[in-house]
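# An overview of the molecular structure
Read off the chains here:
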Amino acid sequence: MEITLELARQKAGELGKPKTFGQFIGGEWIAGDSGKTIALENPATRQLVGYIQDGNATDVNRAVEAAAAAFPKWALSAPAQRQNILRALAQRIRERHFDYALLESLNNGKPITDAFTHDIVGAMGHFEFFAGAAFYPHGSTADFADATMLVHREPIGVAAQIIPWNVPLLMAAFKLAPALAAGCTVVLKPAEIACLSVMQFIEDIADIVPPGVINVITGYGPVIGEPLVTHPKVRKVTFTGSRPTAQKIIGYAAKNVIPQTMELGGKSANIVCEDANIDAAAQSAVVTNIFNKGEVCSAGTRVFVHEKVEDQFLESFRRQLQAVVQGDPLDPATQLGAMASKIQYDKVNGYFDLARDEGVDIPMGGKPASVTGLEDGLFIEPTIFSGVRNDMRVAQEEIFGPVTSVIRWNDEAEMLRQANDTEYGLAGGIWTSNLTRAHRIARGLETGMIWVNRYYNFKPGMPLGGYKQSGFGREGCLETIDHYTLSKAVVINLEEPHSNYAVRAPAPNSES
Ligand code: NAD
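Values in this document were obtained by computation on a predicted structure and should not be read as measured data.

## Remarks on the pattern of salt bridges
Counted under the stated rule, the structure contains 30 salt bridges. The partner of K19 in a salt bridge is E203, and the shortest N-O contact between them spans 3.0 Å. Placement of K19 in strand β1 (residues 19–20) and of E203 in helix α7 (residues 196–205) is noted, with a sequence separation of 184 residues between them. We classify K19 as partly exposed; its relative accessible area is 31%. According to the relative accessible area criterion, E203 is partly exposed, its value standing at 33%. A salt bridge links E446 to K468; the shortest N-O distance between them is 3.0 Å. Of this pair, E446 sits in the loop between α15 (435–444) and β19 (449–452) while K468 sits in the loop between β19 and β20 (471–472), and the two are 22 residues apart along the sequence.

Below is the structure:
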């Protein structure tokens, strides 16, 4: 379909009318225990677009109990049933593709085109991929002279899933799809900053999923997080968000010793060699600067450019970045929208002050942007920091905005050392026409995802996740199912009973 600004504005008038969502527990929408709500805002206009419940521990307990009650039946459901349901979830998104893109744009400030072509397509893709994966967890057997061993793969139980505000519906799909495919029931906690799309999605699919399989609790993270993750009936936690929050959640998870999957931030290196296609490499720097306003964990925020091509790269990067259209996120021509929240807007502006203190050159941007007709909006100019040293704070800390640091290099081994000299290790890009070199650099990078000659080249089934403090566990792939299941070994003795009760230790290297 063709999206036009008129159509988007007209639909926004309908979908953006503030509506109040309850807590979704056991297949029903119920009012939260606190009786209080949290307002959701459009960061491009600062107008209210909805209300969610300000949840508390009582809501959490109800949701976990509902998920625990639904678990035994769902865990034993046929893979084909789970597959059909996952396909139906993808289909519901497809039917309202434009509406979800609009809701995402209205509550997060992202360009509607980003949401339409990336977030919503990715959400559908996740449900479709994991529809196939519903047949995957089927264990194995091994035979011995005196025994047969069965290794079952069983769903782990109730999963707590906590997601951020930057790609809300896509993140919900990241979490829900593998958990449901594996036979787990869930309590999902979306971000209080942006979750309109997620709440509408849950309303739209309530008739497809058996009651209690998906439960959704809204509220402030610190209030809900601890009772949710420490609930004795929660057997797994998956989290996407910031490292400080991850550290708290890992602490909560320690109470009942439950496993965790952590998808955290990044400060990814996008490496440009002197033999690269420089305009294409510069375009990748533009894309990672502006896409989703730079509020992307895997953005290539440190661009390492070989000194021989630095001037050429900077000229191309600047020229292409200047051509970027910043404006009303509802306009399909807009390429750079508004920051998702005032907190994020202030945080990014704070880094402009820091960059000046650190003596960084700012050949472009470095200040808030003004968009005609949206003067209250949280817009920031696309920004280049050049002459950056890797040990500067702007090169080490996650800014999460349309800001790129350009770092010069001339020695591959030293460049690689610096690229790895970060607490994070989520993604990376390599630009070269020499594939041997690309492989060598890729092998040397301590990072979970690497794209050669095209950044953000996400593929179905690609393991998504990080090294070091970017987290652990992988999403978006078959391995994810392993995180939602446990193996159980059953060894069946084939010998007649006898009186020798000696323990038989495995002796893999002996003849006996
Ligand atoms: P955040 O950690 O503040 O919030 C994420 C979620 O955690 C929200 O739902 C929030 O309510 C909840 N939360 C906050 N405090 C909590 C607590 N004490 N217990 C339990 N839950 C709590 O992060 P954010 O600022 O919303 O998101 C941005 C960050 O997320 C960035 O650092 C970004 O890099 C990261 N991120 C990572 C990925 C990835 O896949 N690796 C994807 C998106 C975002």
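Structure shown, so let's carry the discussion forward.
## Side note on the site of the ligand
Among the 28 residues in the neighbourhood of the ligand, the closest are listed as W165, E192, S242, L264 and E398. Here K189 contributes a side-chain N or O atom positioned 3.0 Å from an oxygen atom of the ligand. The contact in question runs from an oxygen atom of the ligand to an N or O atom on the backbone of G221, over 3.4 Å. Burial of the ligand by the surrounding chains reaches 90%, relative to a free accessible area of 850 Å². Of all the secondary-structure elements, those providing two or more residues to the shell around the ligand are α8 (221–229), β11 (234–240) and α9 (243–255). A per-element tally of the shell around the ligand places α9 first, with four residues. Split into classes, the residues belonging to the shell around the ligand amount to 15 nonpolar, eight polar and five charged.

## Description of the domain arrangement of the protein chain
Taken domain by domain, the protein chain comprises domain 1 (8–264 + 466–487) and domain 2 (269–452). The C-alpha centroid of domain 2 is placed 30 Å from the C-alpha centroid of domain 1. In this assembly, 31 residues from domain 1 lie in contact with 36 residues from domain 2. Its largest share of buried area at the contact with domain 2, domain 1 owes to A44, W165 and K468, together 19% of the area lost on that side. Linking domain 1 with domain 2 are three salt bridges. Put simply, domain 1 and domain 2 have 18 residue pairs in polar contact (both at pLDDT 80 or more) between them. Put simply, the parts of the chain that give the side of domain 1 that touches domain 2 at least two residues each are α1 (5–15), α4 (97–108) and α5 (112–133). A total of five residues in the side of domain 1 that touches domain 2 trace back to one element, the largest contributor, which is α4. Here the residues of the side of domain 1 that touches domain 2 are counted per class, giving 13 nonpolar, eleven polar and seven charged.

## Examining the pairing of strand β14 (residues 302–306)
Where burial is concerned, most of β14 is hidden: five out of the five residues are buried. Taken together, the four bridges between strand β13 (residues 269–272) and β14 define a ladder with parallel strand orientation. Looking across to β14, one finds that I271 is bridged to F304. The parallel pair β13 and β14 is bridged by helix α10 (residues 278–290), and the resulting crossover is right-handed. Relative to strand β17 (residues 403–409), β14 is paired through five bridges, and the arrangement is parallel. Bridging from a neighbouring strand, H306 pairs with W409 of β17.

Rules and cut-offs
Residues numbered from 1 in each chain as written. Predicted model: local features only at pLDDT ≥ 70, side-chain atom pairs only at ≥ 80, totals over all residues. Heavy atoms only, no water. Salt bridge = Lys/Arg side-chain N within 4 Å of Asp/Glu carboxyl O. Helix = DSSP H or I, 4+ residues; strand = E, 2+ residues; numbered from the N terminus. Buried < 20%, exposed > 50% of the residue type's maximum accessible area, 1.4 Å probe, protein only. Near = heavy atom within 4 Å. Polar contact = N/O pair within 3.5 Å; in protein donor to acceptor, adjacent residues only side chain to side chain. Areas by Shrake-Rupley, 256 points an atom, 1.4 Å probe, with all protein chains shown as cover. Nonpolar A, V, L, I, M, F, W, Y, C, P; charged D, E, K, R; others polar. Domains from an automatic or database assignment. Contact = heavy atoms within 4.5 Å. Buried area = accessible area lost by both parts, 1.4 Å probe. Pairing = 2+ DSSP bridges. Right-handed = clockwise from strand over helix to strand, strands pointing away.

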